[in-house]
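As a plain string of letters, each chain reads:
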Amino acid sequence: MGAPRYSRGVRHLTLLVAPLLSAALTLLLLDRGFAADAAAIFDGHGLVAWLASTLAARLGEPTALRVLFGIGSALSTACLIRALKTPYLWLVAVFAAPVSTGMLHGDVASLCVGPAALGLLTWQRSTSLGSLATVCLAAVSPVAAAALAVAAFVRRPNVAALLIAPLVATLGERGAVDVIGLSAARSLMAGHAPGATAGVCLTVALVVVGGPLRLRLAGLAAAALALGPVIALRGDHDHLIALPLPAFLLASFGAETGWSGAGAVSAAALALAAANAPAWRARLLLALVLLEGAGLSLRTPTPLPNTPPEAVISLSERKGTVLHLPVARSSLGEPPRAALWRHQALIHRRPLYAEARAVHDDDPVLGEPGVVAIVGLLEPEAGWLVPPTDSGMVLRALGVTELVLDRAALSAENLAQLDPVLARLYGPPQRDNAAGIDLWRIPSLGARRLSTSPHLRREHEPGTERWRTLEELLAAGREPVPVEPG
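Attention here is on the structure that accompanies the text.

What counts, and where the lines are drawn
- Residues numbered from 1 in each chain as written.
- Predicted model: local features only at pLDDT ≥ 70, side-chain atom pairs only at ≥ 80, totals over all residues.
- Heavy atoms only, no water.
- Helix = DSSP H or I, 4+ residues; strand = E, 2+ residues; numbered from the N terminus.
- Buried < 20%, exposed > 50% of the residue type's maximum accessible area, 1.4 Å probe, protein only.
- Phe/Tyr/Trp six-rings, centres within 6.5 Å; stacked < 30°, edge-to-face > 60°.
- Lys NZ or Arg CZ within 6 Å of the ring centre and 35° of its normal.
- Expected span 1.5 Å × (residues − 1).
- Contact = heavy atoms within 4.5 Å.
- Pairing = 2+ DSSP bridges.
- Bend = angle between axes of the 7 residues up to and from the residue.
- Axes fitted to C-alpha atoms, helices over the stretch in contact; angles between N-to-C directions.
- Parallel < 35°, antiparallel > 145°, perpendicular 65-115°, else oblique.
- Left-handed = near helix turned anticlockwise from the far one by under 90°.
- Nonpolar A, V, L, I, M, F, W, Y, C, P; charged D, E, K, R; others polar.

Digging into unusual backbone geometry
Thought 1: With an omega of 5°, the peptide bond between L325 and P326 qualifies as cis.
Thought 2: Note that P326 resides in the loop between β4 (321-325) and α17 (338-348).
Thought 3: Of note in this structure, A354 is not a glycine but carries a positive phi near 55°.
Thought 4: With respect to the secondary-structure elements, A354 resides in the loop between α17 and α18 (369-378).
Thought 5: The exposure class assigned to A354 is partly exposed, which follows from its relative accessible area of 34%.
Thought 6: Although it is not a glycine, A356 sits at a positive phi angle of roughly 60°.
Thought 7: Within the element layout of this structure, A356 appears in the loop between α17 and α18.

Spelled out as structure tokens, the structure:
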């Protein structure tokens, strides 16, 4: 069924009202605060990062992000309405999924729904103009631009789209590779809704909404890229099976992270398909997308602080490497608040161990008892043993002089178990209650060379005779700390 005719006045009214409504709803949503990983936007490269940093210097970081996303949301909506062949405001509901989750997490790809819709139309009409639109979109989000090129190729195969996808992917951010599977499931359960894609409803709607088949296949291709480059599956206790996903090839060109932003292109394809589909079916499916996006936006993680915490500022008074807790294993993705830790490093200007990224199982830091205790708490089914190493010895050998526990990254239950253990191992912390940060100074008593490369081990493995279970360490942590005479 074709789109209904409407007057030019109605179209102009829609182009005026819809962007204003979108900006108002965006600012209302952002009044709840940004997730801590929104700090990564200031540390990125590209046009948006430069603009955000420039605004932050004058307005402060939270205000800068609100301005950026408020204006960006209005422009994206204007582009979306311009691309559609109907003025009905209910079609704007299609991008509730990217907006509700992506904006709270500082994912600039959430601003790309409207431009991606125009880009899909442009590719259909002209290869040269489509290429130009894709390059322009890459200035905002390289992952969205790469997904747009792939979607354009699926809709109308041509060499230009196939070549431009890896080209714009080279502009993407490097970091911990996006992994779906265990890490994504854990992240969602903890309230850290990943990226700019709401979830299942967007994909289901593309399958059943109707409208042009090629357009819907293009949207499904973008949805496949939104899964990330790798899926992690557990084998037995000692092995993790990593299988490449469609985004793996493009990620190898540079855009290793942020692939959930490809969901913006998927949402744009759904909007265009819904405009040419039976109205009753489109409204029902878009309502489901809206409800799913709104539901995920309710699970907002700990927000980005308005000002740098006092504990972070105090780190600038010292020297040496800083180790942030909890440390994550690379097979499960990096810690959810690692982007904030790297951003705070710009304030105290001290090196972070492993750049606050996830570490491999043979990393020496996993020979430190306090580190393994946290890993064991977060992975109770794994059964990791705690090495008998003296507390602090591994840290000194690695040049770590400051241990920082981000209490917001752990549950209250885990903290209740962990606090006495860490106090027993490293003494009472310096606590910034307002920021939820604990600090321990690791004294430089002379770095000892580690005789063997420590790694995670389980019970009954060779060389674990003196290693303790997590339960034994937790029980010891509840005992009074012996006071040395004199």
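Having seen the model, we can carry on.
Digging into the packing of aromatic side chains
Thought 1: One pass over the structure, following the stated rule, counts two aromatic pairs.
Thought 2: Here F34 and F69 contribute two aromatic rings whose centre-to-centre distance is 6.0 Å and whose plane-to-plane angle is 45°, an arrangement assigned as tilted. Here F34, found in the loop between α1 (8-30) and α2 (40-43), pairs with F69, found in helix α4 (residues 61-83); they are 35 residues apart in sequence, far enough to count as distant. Both residues of the pair, F34 and F69, belong to the buried class.
Thought 3: Lying over the aromatic face of W384, R458 brings its terminal NZ or CZ to 4.0 Å of the ring centre.

A closer look at the environment of L298
Thought 1: Within the secondary structure layout, L298 lies in the loop between α15 (279-297) and α16 (310-314).
Thought 2: The class for L298 is exposed, based on a relative accessible area of 66%.
Thought 3: Taking C-alpha positions, L298 is 10.0 Å from R32, a pair spaced 266 residues apart along the chain.

So, the environment of T26
Thought 1: Looking at where T26 falls in the secondary structure, it is placed in helix α1.
Thought 2: C-alpha separation for the pair T26 and G70, spaced 44 residues apart in sequence, amounts to 5.9 Å.

Looking at helix α3 (residues 47-59)
Thought 1: With 13 residues, α3 ought to run about 18 Å at 1.5 Å a step, and its terminal C-alpha atoms sit 18 Å apart, in line with that.
Thought 2: Turning to α3, the residues buried within the fold contact α2 and α4.
Thought 3: One or two positions beyond α3, positive phi appears at G60, with a value near 90°.

Topic: the pairing of β4
Thought 1: In terms of burial, β4 is a largely internal element, five of the five residues being buried.
Thought 2: Side chains T321, L323 and L325 of β4 all project onto a buried face; the interleaved residues V322 and H324 project onto the opposite face, where all are buried too.
Thought 3: The pairing of β4 with strand β5 (residues 400-406) spans five bridges and is parallel. Residue pairing across strands places L325 opposite L405, the latter belonging to β5.

Quick word on helix α20 (residues 412-426)
Thought 1: Across its 15 residues, α20 extends 20 Å between first and last C-alpha, which sits within 8% of the 21 Å expected from 1.5 Å per residue.
Thought 2: The sharpest bend along α20 comes to roughly 35°, located at L418, with the proline P420 sitting one to four residues further on.
Thought 3: Just downstream of α20 lies G427, where phi reads positive at about 90°.

Side note on the packing of helix α7 (residues 127-138) against helix α9 (residues 159-169)
In a pair of packed helices, the angle between the axes and the distance between the axes together describe the arrangement.
Thought 1: Here α7 crosses α9 at 15°, and the two axes come no closer than 11 Å. By the angle between their directions, the pair α7 and α9 is classed as roughly parallel. Judged by the sense of rotation from one axis to the other, the crossing of α7 with α9 is right-handed. Here T127, S131, T134, V135 and A138 of α7 lie close against α9, whose contacting residues are A160, I164 and V168.
Thought 2: A breakdown of the residues in the contact of α7 with α9 according to their chemical character gives five nonpolar, three polar and no charged.

Read these as geometric descriptors, not functional statements.
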